[in-house]
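Topology and contacts: notes
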Amino acid sequence: MTSLTSSKRLVVKIGSSILVDEAKGRIRRDWLDALTDDVARLHKQGCEVVLVSSGAIRLGRTHLKLASGPLKLEESQAAAATGQIQLAHAYQAALARHGITVAQVLLTLDDSEQRRRYLNARQTMATLLGLGAVPVINENDTVATDEIRFGDNDRLGARVAEMISADTLVLLSDIDGLYTGDPRTDSSARYIPEIREITSEIEAMAGAAASNLSNGGMVTKLIAGRIALAAGCRMAIADGRQVGALGALIDGTTRCSWFLPEGSPLSARKKWIKGSLTSAGTLVVDDGAVRALSKGKSLLPAGVTGIDGEFKRGDVVDVKDRTGRLLARGLVAYAVEDARRIAGRKSAEIEKLLGFRGRDEMVHRDDLVVE
Ligand code: GLU
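Bear in mind the structure is a predicted one, so any value in this text is a computation, not a measurement.

A separate point is the sheet that holds strand S17 (residues 368-370). Taken together, the five strands give an open sheet; going across it, the order is S14-S13-S15-S16-S17, and neighbouring strands pair in mixed fashion. Edge strands, defined here as strands with exactly one partner in the open sheet, are strand S14 (304-309) and S17. Each neighbouring strand pair of the sheet contributes to a mean axis angle of 20°, computed without reference to strand direction. In the packing of helix H12 (residues 287-294) onto the sheet, contacts are made with strand S13 (281-285), strand S15 (316-320), strand S16 (326-331) and S17, and the angle to S13 comes to roughly 105°.

Given below as structure tokens:
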């Protein structure tokens, strides 16, 4: 059965309607505390977590005492500017209870479409994750105008998952998954627990099963699904309304609709590594590492004797033996300057050498494809 526990890098998208108490227009503190307890639990198990949270506009609206009804663009931008501070502060306080640092990242559509900005955002997030922080992401609503907006955080979440090569994306929503129709009005609507391909038939169903309460209905969730699957990332749509909803997903005590890429997320990731045309650098390894790699083990810094190229954390690198024979390709866990500092050294020395506790492996076996 598909489960969250195998995830190493998880993006959780939190919809406005579940985080914010609709009547009061304020954050549901008990809900947020439970969510962050579950994030801390995942963190302890070695899973990196990124939160994509909506709610800025809804919170700002309360704070600015804007009248009900649809907001003008400039009003929602003003609301977002006010609400985002409250949002960031609430996450910071909730995660601080577990000693976890929060980092705010506000993105615009351009940040995911223009290569230089994309790489920049990706690098920042990789650095934050390497430092053990939990990035809390939202659209930069204050500056994004209509034509250049994501507009919904389902797609933003999927872009973020793609950007950081997450293996799992969870959309916490006000509905527990995908149905053949709208279960609120159509009693014959069937639940779909597993989707392997987003066909036009499924798209037609989504149109009928719109979830009205949140900004992103089922249609945007399917677009998110397309982006995630193409990136080899599995995606779940789950009902996030209950306090402890993420925990229930981790424990497998609640259902959700899974969108699954071909093969396991791991094999999709490996396929992607294998298929990448260029590598950003080369790690030369000693004979001990050659033997370890042939047994399916990770590449440790101790086995690295030479480094070439200019690479950042998460880039694809070649792994070669002393004679220059290509042994493997993988996603390197350190940027070139850090990799040079820890090459040939024991993993236990990493913290002392770099000033932060990074991964024990130079290239983890999950990120390695042996030739
Ligand atoms: N970025 C918007 C906000 O924080 C929400 C967009 C969405 O709900 O998908 O208010």
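Back to the write-up after that little detour.
Residues Val11, Ile137, Val160, Leu169 and Phe259 are the most contacted members of the largest nonpolar core, which totals 45 residues. Once you skip the residues sitting within four places of it in the chain, Val11 turns out to touch Val50, Val52, Gly157, Val160, Ala161, Ile164, Ala166, Thr168, Leu169 and Val170. Among the nonpolar cores identified, the runner-up in size contains 38 residues, and Ala94, Leu95, Val134 and Val170 belong to it.

With respect to topology, eight strands assemble into an open sheet ordered S5-S6-S4-S1-S7-S11-S12-S10, the strand pairing being mixed. Two strands bound the open sheet, and with one partner strand each, they are strand S5 (102-107) and strand S10 (194-195). By the bridge criterion, two bridges tie strand S4 (residues 48-53) to strand S6 (residues 134-139) in an arrangement that is parallel. When the sheet's bridge partners are listed, Leu51 is paired in S6 with Val136.

Quick look at helix H2 (residues 29-44) now. Relative to the 22 Å expected for 16 residues at 1.5 Å per residue, H2 spans 22 Å between its end C-alpha atoms, a close match to the ideal helical length. Along H2, the residues that are buried comprise Trp31, Leu32, Ala34, Leu35, Thr36, Asp38, Val39, Ala40 and Leu42. Gly46 lies just past H2 and shows a positive phi near 90°.

The next subject is the site of the ligand. Among the ten residues in the neighbourhood of the ligand, the closest are listed as Ala56, Ile57, Asn138, Asp141 and Asn153. Between the ligand and Gly55, the relevant distance is 3.1 Å, taken from an oxygen atom to a main-chain nitrogen or oxygen of the residue. Here an oxygen atom of the ligand sits 2.9 Å away from a polar atom, N or O, in the main chain of Ile57. Summarising the interface, the protein chains cover 95% of the accessible area of the ligand, which totals 300 Å² for the free molecule.

Below, the discussion takes up the packing of helix H7 (residues 153-163) against helix H9 (residues 218-230). Interhelical geometry of H7 versus H9 gives an angle of 10° and a closest axis separation of 8 Å. On the basis of the axis angle, H7 is roughly parallel to H9. Residues Asp154, Arg155, Ala158, Arg159 and Glu162 of H7 lie in contact with H9, whose contacting residues are Thr220, Lys221, Ile223, Ala224, Ile227 and Ala228. The class makeup of the residues in the contact of H7 with H9 is five nonpolar, one polar and five charged.

In this section: H12. Within the sequence span of H12, burial applies to Ala289, Ala292 and Leu293. Viewed along the axis of H12, the buried residues span an arc of 100°, placing them on a single side of the element. For H12, the exposed residues set more than 90 degrees away from the buried face come down to Arg291 and Ser294. Taken together, the buried residues of H12 touch S13, S15, S16 and S17. Gly296 sits one or two positions beyond H12 and adopts a positive phi of about 85°.

Turning to the packing of helix H3 (residues 56-63) against helix H4 (residues 73-96), a few remarks are in order. Helix-helix packing: each pair is described by the crossing angle between the helix axes and the interaxial distance. Contact pair H3 / H4: the axes reach a minimum separation of 6 Å and the direction vectors enclose 100°. When the axis of H3 is compared with that of H4, the two are roughly perpendicular. Here Ala56, Ile57, Leu59, Gly60, Arg61 and His63 of H3 lie close against H4, whose contacting residues are Ser76, Ala79, Ala80, Thr82, Gly83, Gln84, Gln86 and Leu87. Along the lines of polarity and charge, the residues of the contact of H3 with H4 split into six nonpolar, seven polar and one charged.

Our focus in this paragraph is the pairing of S15. The element S15 is extensively covered by neighbouring structure, given that four of its five residues are classed as buried. The sheet contact formed by S13 and S15 spans four bridges and is parallel. In the strand pairing of S15, Gly281 is matched with Val317.

Time to look at the environment of Ala343. Here Ala343 is to be found in the loop between helix H13 (336-342) and helix H14 (350-354). The spatial distance from the C-alpha of Ala343 to the C-alpha of Pro301 is 4.9 Å, given a sequence separation of 42 residues. Other than its neighbours up to four places away in sequence, Ala343 contacts Pro301, Val304, Ile307 and Met362.

So, on to the pairing of strand S1 (residues 9-14). Along S1, six of the six residues are buried, which leaves the element largely enclosed by surrounding structure. On S1, burial covers both faces: Arg9, Val11 and Lys13 on one face and Leu10, Val12 and Ile14 on the other are all buried. With six bridges joining them, S1 and S4 adopt parallel strand pairing. Bridge pairing links Leu10 to Val49 in S4.

Rules used in this analysis
- Residues numbered from 1 in each chain as written.
- Predicted model: local features only at pLDDT ≥ 70, side-chain atom pairs only at ≥ 80, totals over all residues.
- Heavy atoms only, no water.
- Pairing = 2+ DSSP bridges.
- Helix = DSSP H or I, 4+ residues; strand = E, 2+ residues; numbered from the N terminus.
- Axes fitted to C-alpha atoms, helices over the stretch in contact; angles between N-to-C directions.
- Contact = heavy atoms within 4.5 Å.
- Core = buried A, V, L, I, M, F, W, Y, C linked by side-chain atoms within 4.5 Å.
- Buried < 20%, exposed > 50% of the residue type's maximum accessible area, 1.4 Å probe, protein only.
- Expected span 1.5 Å × (residues − 1).
- Near = heavy atom within 4 Å.
- Polar contact = N/O pair within 3.5 Å; in protein donor to acceptor, adjacent residues only side chain to side chain.
- Areas by Shrake-Rupley, 256 points an atom, 1.4 Å probe, with all protein chains shown as cover.
- Parallel < 35°, antiparallel > 145°, perpendicular 65-115°, else oblique.
- Nonpolar A, V, L, I, M, F, W, Y, C, P; charged D, E, K, R; others polar.
- Arc of directions from axis to C-beta.

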